[in-house]
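Geometric and topological summary
One letter stands for each residue in the lines below.
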Amino acid sequence: QAKLFPAYFIFSALVVAISMMCAAALGYEVKSLGIILVTILMNVLYFEPETTRIMILRHAVERRLKTGHEIGQLKPSDPVKANDPELKALSKKFGMLHGVSTT
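Residues numbered from 1 in each chain as written. Predicted model: local features only at pLDDT ≥ 70, side-chain atom pairs only at ≥ 80, totals over all residues. Heavy atoms only, no water.

**Observations concerning the overall build of the protein chain**
Which entries qualify depends on this criterion: Counting from the N terminus, the helices are the DSSP runs of H or I reaching at least four residues and the strands are the DSSP runs of E reaching at least two. Radius of gyration here uses only the C-alpha atoms, and the compact-globule reference equals 2.2 Å multiplied by the residue count raised to the power 0.38. We call two residues in contact when some of their heavy atoms are within 4.5 Å. Residue-level accessible areas treat just the shown protein chains as cover; the underlying method is Shrake-Rupley with a 1.4 Å probe. In this tally Asp and Glu are treated as negative and Lys and Arg as positive; neither His nor the chain ends contributes. A charged residue contributes its charge at one atom only: NZ of Lys, CZ of Arg, CG of Asp or CD of Glu.
Assigned secondary structure in the protein chain consists of 4 helices and 0 strands. When the helices and strands of the protein chain are read in sequence order from the N terminus, they spell out α-α-α-α. In terms of overall size, the protein chain is more extended than a compact globule, its C-alpha atoms giving a radius of gyration of 18 Å where 103 residues would be expected to give roughly 13 Å. With the C-alpha coordinates aligned to their principal axes, the bounding extent of the protein chain is approximately 60 × 20 × 20 Å. Sequence separation of at least 24 residues holds for 61% of the intrachain contacts in the protein chain that already meet a minimum separation of 6. Total accessible area on the protein chain stands at roughly 7,300 Å², and carbon and sulfur atoms take up 70% of it. Taking the average place of the 12 positive charges on the side chains of the protein chain and the average place of its 8 negative ones, the gap between the two points comes to 3 Å.

Encoded structure:
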């Protein structure tokens, strides 16, 4: 994901920018495409890099706790590990950023 998402957002920005130029050349309104482009650029410049940074920090905490390898689970089954304050804070921030970056 850390390698795929940046390429996806950059490709999306290029496609929307090209669409804007074509639409403008044909005399169409490009305001909505401009809003979409701004949203994509926010993902490229802030949300995706910050989400990746938090993901890497979260993986480091999971390695320290010897967890994160459970298949199909969003949090550790061990309550002590699941309630680790650092893991909880990073998971909450990651979830928020990931949710925003995919919209």
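**Some thoughts on the layout of surface pockets**
Using the following cut-off: Only protein atoms enter the 1 Å grid used here. Points where a 1.4 Å probe fits but cannot escape make up a cavity, open sets with protein on both sides within 12 Å along at least five of seven lines make up a pocket, and a residue lines them when an atom lies within 4 Å of a point. Grid points are joined across faces, edges and corners, and a volume is the space filled by probe spheres set on the points. Gly counts as polar in this scheme, as do all residues outside two lists: the nonpolar Ala, Val, Leu, Ile, Met, Phe, Trp, Tyr, Cys and Pro, and the charged Asp, Glu, Lys and Arg.
Its boundaries defined by the atoms lining it, the largest pocket holds a volume of some 300 Å³. Around the largest pocket, the lining is made up of 14 residues, and of these R58, H59, E62, Q73 and L74 lie nearest the centre. Where the lining of the largest pocket is concerned, the elements lending two or more residues are α2 (31–65) and α4 (85–101). Class assignment of the residues belonging to the lining of the largest pocket gives a composition of 4 nonpolar, 6 polar and 4 charged.

**Side note on α2**
Quick note on the threshold: Helix span is expected to be 1.5 Å times the residue number reduced by one. Fitting one axis to the seven residues ending at a residue and another to the seven starting there, the bend at that residue is the angle between the two axes.
Between its first and last C-alpha atoms α2 spans 48 Å; for 35 residues at 1.5 Å apiece the expected length is 51 Å, and the two agree. At N43, α2 shows its largest bend, some 45 degrees.

**Quick notes on the environment of K93**
Within the secondary structure layout, K93 lies in helix α4. When the C-alpha positions of K93 and M55 are compared, they lie 9.4 Å apart, and in sequence the two are 38 residues distant. Here K93 is in contact with E50, R53 and I54, once residues within four sequence places are set aside.

**Some points on empty space enclosed by the protein**
Tallying each qualifying case throughout the model produces 1 cavity of 30 Å³ or more. Its boundaries defined by the atoms lining it, the largest cavity holds a volume of some 90 Å³. Contributing to the lining of the largest cavity are Q1, A2, F5, E48, T51, T52, M55, F94, H98 and S101. For the lining of the largest cavity, the elements supplying multiple residues, two or more each, are α2 and α4. No other element matches α2, which puts 4 residues into the lining of the largest cavity. Considered class by class, the residues forming the lining of the largest cavity number 4 nonpolar, 5 polar and 1 charged.

**A short note on the nonpolar core**
Note the cut-off: Side-chain atoms within 4.5 Å are what join buried Ala, Val, Leu, Ile, Met, Phe, Trp, Tyr and Cys residues into a set we call a nonpolar core. Only protein chains enter the area calculation, which uses a 1.4 Å probe; residues under 20% of their type maximum are buried, those over 50% are exposed, and those in between are partly exposed.
The biggest cluster of nonpolar side chains holds 9 residues, and these are F47, I54, M55, V61, L65, L87, L90, F94 and L97. When residues of this core are traced back to their parent elements, those giving at least two are α2 and α4. No other element matches α2, which puts 5 residues into this core. Excluding anything up to four places from it in sequence, L87 contacts R58, V61, E62, L65, P76 and K81. In terms of nonpolar packing, the next biggest core, distinct from the first, is built from 6 residues, A13, V16, L37 and I40 among them.

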